[in-house]
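Given next are the chains, with one letter for each unit.
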Amino acid sequence: MKTKVAIIGGGPSGLLLAQLLHVRGIDSVMLERKTKDYVLSRIRAGVLERGLLALLREAGVADRMEREGLPHDGTLISYGEEMFRIDFTARTGHAVMVYGQTEVTRDLYEAREKAGAVMEFNAEDVVVHDATSDAPSVTYRVAGQDRRIDCDFIAGCDGFHGVSRQTIPLDVRREYEKVYPFGWLGILSETPPVSDEIIYASSERGFALCSMRNKNLSRYYIQCDLSDKPEDWTDAAFWEELKRRIPAAQAATLVTGPSIEKSIAPLRSFVTEPMQWGRLFLCGDAAHIVPPTGAKGLNTAASDVHYLYNGLRQFYETGDRAGLDGYSEKALARVWKAERFSWWFSNLMHRYPAQSAFDLKIQQAEIAFLRDNGAAQQALAENYVGLPY
Ligand code: FAS
Ligand code: PHB
């Protein structure tokens, strides 16, 4: 099989890139290790930055998001019983959109199927060949049959556990990592959200997050120990702990119900450099991971896709390789800003096991400074709605 761009990974990065290329008449083939249903079963991000909204519109897949998404003009930050609001729209002129990654992925799959896209599921033993030549290829197996794609370029959109990053030799790659000593236990419940806006809660017992997917589907998280497993937490225990971490007024109005999904995500900051090697380009979680505190994971995958899509479009429309040659440097400049914000916000809001009394006082002072200082709120708002591409 021959195509212009071979895309490894059928998550949001791979799908968005494929659809954007399709809109520009640039053909691609996408390989996904799992099934579409498996990909859609994963509950992940919930907040879309302005840049991702623009890309979804450019890809022609924004209609349902515009109808069903919840625009959020600000967010709430609580510390014990205190709570204050950061007004995104007043400070930046932009809002964010609350619309689950699952729905974004569903919309993208629908568009790809309508376009008659070539998508291979249950792709096994995917291997990248000759990435530094002018004739790279990808081999894989489906239903026991060996297959090969000859292509011009390869987009590694296969997430943290994919093969693309591993294709880049260790003496070329530099990896940067920070593992946090806690995780997030998240549940989904068919209950009305406790608040119209997202609440980031810091408390003596640890961090909590109150979010939502729609008016009757809530998403809640509590910081948990790395040794915890979802089955260690009954629904009742989760709700009890969440109530102890948010202000009493919200705890009193919290509508609880059975969890329809319960999972634990470990928190890590990770970046690999460079994000390209010859004609292989890494996008999204294949190249970087952030703690979900700043809602930057999916959104930083989107900015990678923006840079790669425009580099490919420039190449096929003009023959100019500048966008492709400069991809890694351009993408990493924004990746590190997202890493910084996610690290900063995580440190601000979480309890660390070995935190000293002094550390706690500094954390309280930093939250008080954010509460009282317009410039601090401006900085958070600009990062949260999404720095420019
Ligand atoms: P993905 O991991 O989504 O997709 C990669 C795809 O490649 C997968 O479908 C995988 O099956 C496939 N694949 C892997 N290896 C392959 C191979 N060898 N061959 C073919 N296909 C292969 N971000 C937020 O902003 N907010 C959140 O709250 C949030 N919560 C998260 C919770 C969890 C548990 C995880 C893991 C991530 C979370 N994220 C969150 C980050 C998440 O949203 C990612 O940023 C986003 O999924 C990135 O999309 P992709 O780069 O497409 O990677
Ligand atoms: C979510 O709704 O899943 C969500 C919202 C904000 C975050 C992380 C996750 O920072």
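For the structure itself, look to the data block above.
Residues numbered from 1 in each chain as written. Chains lettered and ligands numbered in written order. Predicted model: local features only at pLDDT ≥ 70, side-chain atom pairs only at ≥ 80, totals over all residues. Heavy atoms only, no water.

A.B. asks: Which parts of the structure should I look at to understand the overall build of the chain?
C.D. replies: Helix and strand content of the chain: 14 helices and 19 strands. What you see for the chain is a C-alpha radius of gyration of 21 Å, in line with the 21 Å of a compact globule of 389 residues. Considering only C-alpha atoms, the chain reaches an extent of 60 × 40 × 40 Å along its principal axes. Within the chain, the fraction of its 389 residues that count as buried is 54%. In the chain, 72% of the contacts between residues at least 6 apart in sequence involve partners at least 24 apart. Accessible surface, the chain as shown: approximately 16100 Å² in total, 52% of it carbon and sulfur. Each charge sign in the chain was given a centre, from 45 positive and 52 negative side chains, and these centres are 1 Å apart. (Helix = DSSP H or I, 4+ residues; strand = E, 2+ residues; numbered from the N terminus. Rg over C-alpha atoms; globule rule 2.2 N^0.38 Å. Buried < 20%, exposed > 50% of the residue type's maximum accessible area, 1.4 Å probe, protein only. Contact = heavy atoms within 4.5 Å. Areas by Shrake-Rupley, 256 points an atom, 1.4 Å probe, with all protein chains shown as cover. Lys, Arg positive; Asp, Glu negative; His and termini not counted. Charge placed at Lys NZ, Arg CZ, Asp CG, Glu CD.)

A.B. asks: What is the right way to read the site of ligand 1 from this model?
C.D. replies: Close contacts around ligand 1 come from 30 residues, with S13, E32, R42, R44 and Q101 the closest. R33 places a polar main-chain atom, nitrogen or oxygen, 3.0 Å from a nitrogen atom of ligand 1. Contact with the protein chains covers 87% of the free accessible surface of ligand 1, which is 1000 Å². Secondary structure elements with two or more residues in the shell around ligand 1: helix 1 (12–23) and helix 10 (297–318). Considering only residue class, the shell around ligand 1 consists of 13 nonpolar, 9 polar and 8 charged. (Near = heavy atom within 4 Å. Polar contact = N/O pair within 3.5 Å; in protein donor to acceptor, adjacent residues only side chain to side chain. Nonpolar A, V, L, I, M, F, W, Y, C, P; charged D, E, K, R; others polar.)

A.B. asks: Explanation requested: the site of ligand 2 in the structure shown.
C.D. replies: What surrounds ligand 2 is a group of 14 residues, the closest being Y200, S211, R213, Y221 and P292. One of the backbone nitrogen or oxygen atoms of T293 is found 2.9 Å away from an oxygen atom of ligand 2. In the model, an oxygen atom of ligand 2 is placed 3.4 Å from a nitrogen or oxygen of the A295 main chain. Within the complex, the protein chains bury 98% of what would otherwise be the 280 Å² of accessible surface of ligand 2. The element best represented in the shell around ligand 2 is strand 14 (residues 208–214), accounting for 3 residues. Of the residues in the shell around ligand 2, the class split is 8 nonpolar, 3 polar and 3 charged.

A.B. asks: I would appreciate a short explanation of the sheet that holds strand 12 (residues 174–189) in the present structure.
C.D. replies: Note: strands within a sheet are paired through backbone hydrogen bonds, in either parallel or antiparallel orientation. The sheet built from 8 strands is open, its strands ordered 6-5-13-14-15-12-16-19 with mixed pairing. Because the sheet does not close on itself, it has two edges, and the strands there are strand 6 (82–87) and strand 19 (288–289). Across 6 bridges, the pairing between strand 5 (residues 74–79) and strand 6 is antiparallel. Counterpart to S78 in the pairing with strand 6 is M83. Together, strand 5, strand 12, strand 13 (199–202), strand 16 (259–273) and strand 19 form the strand contacts of helix 12 (residues 327–349), whose direction differs from that of strand 16 by roughly 125 degrees. (Pairing = 2+ DSSP bridges. Axes fitted to C-alpha atoms, helices over the stretch in contact; angles between N-to-C directions.)

A.B. asks: Please explain empty space enclosed by the protein as it appears in this structure.
C.D. replies: Any space left empty among the atoms is revealed by the rolling of a water-sized probe across them. Counted under the stated rule, the structure contains 3 cavities of 30 Å³ or more. Lining the largest cavity are P12, S13, L16, L52, L56, V104, L108, L298, A301, A302 and V305. When contributions to the lining of the largest cavity are tallied by element, the ones reaching two or more residues are helix 1, helix 3 (50–58), helix 6 (101–114) and helix 10. For the lining of the largest cavity, the element with the most residues is helix 10, which contributes 4 residues. (1 Å grid on protein atoms, 1.4 Å probe; cavity = no way out; pocket = protein on both sides within 12 Å on 5 of 7 lines; lining within 4 Å. Points joined across faces, edges and corners; volume = space filled by probe spheres on them.)

A.B. asks: Would you explain the pattern of salt bridges in this entry?
C.D. replies: Close approach of charged atoms allows side chains with opposite charge to pair. For the structure shown, the criterion picks out 30 salt bridges. For K2, the salt bridge identified is with D152, shortest N-O distance 3.9 Å. Of this pair, K2 sits in strand 1 (residues 2–8) while D152 sits in strand 11 (residues 145–156), and the two are 150 residues apart along the sequence. E241 is the salt-bridge partner of R245, the closest N and O atoms lying 2.9 Å from each other. With R245 and E241 both in helix 8 (residues 235–245) and 4 residues apart, the pair spans about one turn of that helix. Using a relative accessible area of 6% as the deciding quantity, one classes R245 as buried. (Salt bridge = Lys/Arg side-chain N within 4 Å of Asp/Glu carboxyl O.)

A.B. asks: Before we go on, may I ask you to explain the nonpolar core in this structure?
C.D. replies: The nonpolar side chains of a soluble globular protein tend to be buried with one another. In this structure, I7, L16, L17, L48, L56 and L308 are the most contacted members of the largest nonpolar core, which totals 65 residues. Apart from the residues within four sequence positions on either side, L16 is in contact with L52, L55, L56, A59, L108 and V305. Ranked by size, the runner-up nonpolar core spans 32 residues in total, among them L70, W184, F207 and M212. (Core = buried A, V, L, I, M, F, W, Y, C linked by side-chain atoms within 4.5 Å.)

A.B. asks: Any chance you could explain the side chain of T102 here in plain terms?
C.D. replies: In this structure, T102 sits in helix 6. Its relative accessible area of 11% is what places T102 among the buried residues.

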